[in-house]
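Residues per chain are reported as follows:
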Amino acid sequence: MITQSSDHYLFQFFDNYVIVEAKEDVEVDNKIVERNLKIIFNHFDGKDFILISHRKNRYTVKSGAYNSRLMKKVRALAIVSEDGLMREKAIVEQTHFDQSFAFFDNLEDAIGWAESFFPNRG
């Protein structure tokens, strides 16, 4: 695992997926998404990956955040939270994401889901 951070996120990089955790009280907009996806895409250097959004902290995803041109290249997205309100927000977000999208109550299930996408990669 490789860890990295930006002004808005903490990243944990694995072979096939990245776990991102927004910092407390961030307002995530299109520009923030674009900047942070560039970090992720640079790390994976052209390989497909799964994005796991671990929503431990309270923050806001503004409308238009999914409009990033890079977001359209994300193979799949998992949102992890035990918070019922976060689940409701994720359902709304799902309508803005055209690829595979899943919601999990715990990180272990999301990681298992992500690893199933690339069973022969290590």
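The preceding data block contains the structure.
Residues numbered from 1 in each chain as written. Predicted model: local features only at pLDDT ≥ 70, side-chain atom pairs only at ≥ 80, totals over all residues. Heavy atoms only, no water.

Participant: An account of the packing of aromatic side chains is requested, with residue identities and associated values reported.
Facilitator: Geometry of an aromatic ring pair is reported as the spacing of the ring centres plus the angle between the planes. Throughout the structure, instances matching the rule amount to nine aromatic pairs. Their ring planes at 55 degrees and their centres at 6.2 Å tell us that Phe 97 and Phe 101 sit as a pair that is tilted. A ring pair is formed by Trp 113 and Phe 117, whose centres lie 5.0 Å apart and whose planes are at 75 degrees; its orientation type is edge-to-face. The class for Trp 113 is buried, based on a relative accessible area of 18%. (Phe/Tyr/Trp six-rings, centres within 6.5 Å; stacked < 30°, edge-to-face > 60°. Buried < 20%, exposed > 50% of the residue type's maximum accessible area, 1.4 Å probe, protein only.)

Participant: Help me get a handle on the layout of surface pockets, residues and values and all.
Facilitator: Approximately 220 Å³ is the volume found for the largest pocket. For the largest pocket, the lining is made up of 15 residues, of which Val 61, Lys 62, Ser 63, Glu 93 and His 96 are closest to its centre. Secondary structure elements with two or more residues in the lining of the largest pocket: β6 (60-61) and α2 (84-94). Take the lining of the largest pocket: its biggest share by element is four residues, from α2. Residues belonging to the lining of the largest pocket are distributed by class as follows: six nonpolar, five polar and four charged. (1 Å grid on protein atoms, 1.4 Å probe; cavity = no way out; pocket = protein on both sides within 12 Å on 5 of 7 lines; lining within 4 Å. Points joined across faces, edges and corners; volume = space filled by probe spheres on them. Helix = DSSP H or I, 4+ residues; strand = E, 2+ residues; numbered from the N terminus. Nonpolar A, V, L, I, M, F, W, Y, C, P; charged D, E, K, R; others polar.)

Participant: Which residues make up unusual backbone geometry, and what values go with them?
Facilitator: The residue Asp 25 is not glycine, and still its phi comes out positive at about 65 degrees. With phi around 45 degrees, Asp 45 is a residue other than glycine that occupies positive phi space. Mapped onto the elements, Asp 45 comes out in the loop between α1 (30-44) and β5 (50-54). What makes Asp 45 exposed here is its relative accessible area of 67%.

Participant: Explain the side chain of Asn 36 to me, using residue names and the numbers behind them.
Facilitator: Looking at the element boundaries, Asn 36 is found in helix α1. The buried category is assigned to Asn 36, whose relative accessible area is 5%. Not counting chain neighbours up to four residues away, the residues in contact with Asn 36 comprise Ser 6, His 8, Tyr 9 and Phe 11. (Contact = heavy atoms within 4.5 Å.)

Participant: Could you give an account of the sheet that holds strand β8 (residues 100-104), naming the residues involved and the relevant values?
Facilitator: Pairing is mixed across the open sheet formed by six strands, whose spatial order is β1-β2-β3-β5-β7-β8. Each having just a single partner strand, β1 (2-5) and β8 make up the two edges of the open sheet. Strand-to-strand twist across the sheet, computed as the mean angle between neighbouring axes with direction ignored, equals 20 degrees. The pairing of β1 with strand β2 (residues 9-13) spans four bridges and is classified as antiparallel. For Gln 4, the partnering residue across the bridge sits in β2 and is Phe 11. Along the sheet, α2 contacts β7 (76-80) and β8; its crossing angle with β8, the most-contacted strand, is approximately 175 degrees. Sitting on the sheet, helix α3 (residues 107-116) is in contact with β3 (17-22), β5, β7 and β8, with an inclination near 170 degrees to β5. (Pairing = 2+ DSSP bridges. Axes fitted to C-alpha atoms, helices over the stretch in contact; angles between N-to-C directions.)

Participant: Kindly report on the pairing of β3, identifying the contributing residues and their values.
Facilitator: Judged by how many residues are buried, β3 sits mostly within the fold: six of six residues are covered. Every second residue of β3 is oriented toward a common face, with Tyr 17, Ile 19 and Glu 21 on one face and Val 18, Val 20 and Ala 22 on the other, all of them buried. Where β2 meets β3, five bridges bridge the pair, whose relative direction is antiparallel. Following the sheet pairing, Tyr 9 is matched in β3 by Ala 22. As judged from the four bridges shared by β3 and β5, these two strands associate in the parallel manner.

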